[in-house]
Amino acid sequence: MTNYRLSPRTAFGASEPMRATIGKATLTERPEFSIASVAVRAEQDGIAAKLTGGADVAVSELVQTDTRTVFWTGPNQWFVLDDHSAVEALAQTLKADLGASASVTEQNDGWVVFDLTGEDLDEVLERLCSINLSELARGRAQRTVIEHVGSFVLCLEQGRSYRLLCGRSFAPSFAHAIKEIMVSVNAQKTLLA
Amino acid sequence: MLIPHPLLGLRDAQEFTYFGDASLLDRPDGMAEGASEQFHDYLYLRDNPAGEHQELWFHEQGDRSWLVVTRNTLTHEIFKVEFATDVALARRSAT
């Protein structure tokens, strides 16, 4: 039998996560999340509470537990992020919990997670997407388009910390677009200072 | 144009894709008598009203729901936006 020696690669084909700091903003790739999507089947209830272990997940909101982030993606649909090293097969784990009440899809290789942290991030995000940022308070999640790429924007702390998700194959283009804007926002600030 | 999504509020029309006349929800029964005639009409015949019109829109870059938008084609005023599932279920229970 052939012995394959496989080493994990990030969405950028590297062994270490992508990280870029420009001015006061930092974009970090977060490969340590396992991802799954959950859609409720007909006439089933209380699925969101099962995912979070108690709390319901309202429209356009996210709920964080000790290890898990659950966010609303559509009517009766959610994304779940968990610790990849502890629950790599998140979809299987959820399916075992939910049984026939919901359809679970593995998204580990479908989406990439980024964290955008720093100060005055509204200036960066308002150049990237059409979200009404004044309404995107802590705990809100919204799907949008960034650089023609469908993506999710999760607000962890308004203006200072956001979690972004995009399709894995778009990761380099997505990160490039965000870094370009970070550069231009920083340049403007430097010029005006 | 802004579309008032029933759950998410006002959203830019760029987030949506237009699919066509909401009569597409009324797919004929393929096993019924005269099905080929009915499918011909379903597929090719559309009203093209200058005024109130019901349309299917897909919230592609949002919550990915199908919506029925009731809109005035002359003024672009939007009267009503409903989930297509609700409209389809209501029509089914009405027949």
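As recorded by an unreviewed UniProt entry, chain B carries the name Sarcosine oxidase, delta subunit family and is attributed to Cognatishimia activa.

Going by an unreviewed UniProt entry, chain A carries the name Sarcosine oxidase, gamma subunit family and comes from Cognatishimia activa.

**Q** What's the story with the sheet that holds strand β2 (residues 25-29) of chain A in this structure? I'm lost.
**A** Two strands in a sheet stick together by hydrogen bonds in their backbones, pointing the same way (parallel) or opposite ways (antiparallel). All names here are of chain A. The strand order across the open sheet built from six strands is β1-β2-β8-β11-β10-β9, with neighbouring strands paired in antiparallel fashion. Two strands lie at the open edges of the sheet, namely β1 (19-22) and β9 (141-146), each paired on one side alone. Neighbouring strand axes in the sheet, compared pairwise and without regard to direction, differ in orientation by 25° on average. Where β1 meets β2, four bridges bridge the pair, whose relative direction is antiparallel. From the neighbouring strand, Ile 22 faces β2, where its bridge partner is Ala 25.

**Q** Which parts of the structure should I look at to understand a nonpolar patch on the surface?
**A** Residues Leu43(B), Tyr44(B) and Leu45(B) make up a contiguous nonpolar surface patch of roughly 360 Å² in combined accessible area. As for its position among the elements, Leu45(B) is in the loop between α1 (35-44) and β4 (52-58).

**Q** Quick question: what am I supposed to make of the interface of chain B and chain A here?
**A** Of the residues lining the interface, ten residues belong to chain B; the matching set on chain A comes to twelve residues. Considering only the surface of chain B that becomes buried against chain A, Leu7(B), Gln61(B) and Asp63(B) emerge as the three largest contributors, covering 49% of it. On inspection of chain B and its partner chain A, the count reaches zero salt bridges. Between the two partners, chain B and chain A, sit zero residue pairs in polar contact (both at pLDDT 80 or more). Partitioned by chemical class, the residues of the side of chain B that touches chain A number three nonpolar, two polar and five charged.

Reading the values: rules and limits
Residues numbered from 1 in each chain as written. Chains lettered and ligands numbered in written order. Predicted model: local features only at pLDDT ≥ 70, side-chain atom pairs only at ≥ 80, totals over all residues. Heavy atoms only, no water. Pairing = 2+ DSSP bridges. Helix = DSSP H or I, 4+ residues; strand = E, 2+ residues; numbered from the N terminus. Axes fitted to C-alpha atoms, helices over the stretch in contact; angles between N-to-C directions. Patch = residues over 30% accessible without salt bridge, like charges linked within 9 Å, V, L, I, M, F, W, Y side chains within 5 Å. Areas by Shrake-Rupley, 256 points an atom, 1.4 Å probe, with all protein chains shown as cover. Salt bridge = Lys/Arg side-chain N within 4 Å of Asp/Glu carboxyl O. Contact = heavy atoms within 4.5 Å. Buried area = accessible area lost by both parts, 1.4 Å probe. Polar contact = N/O pair within 3.5 Å; in protein donor to acceptor, adjacent residues only side chain to side chain. Nonpolar A, V, L, I, M, F, W, Y, C, P; charged D, E, K, R; others polar.

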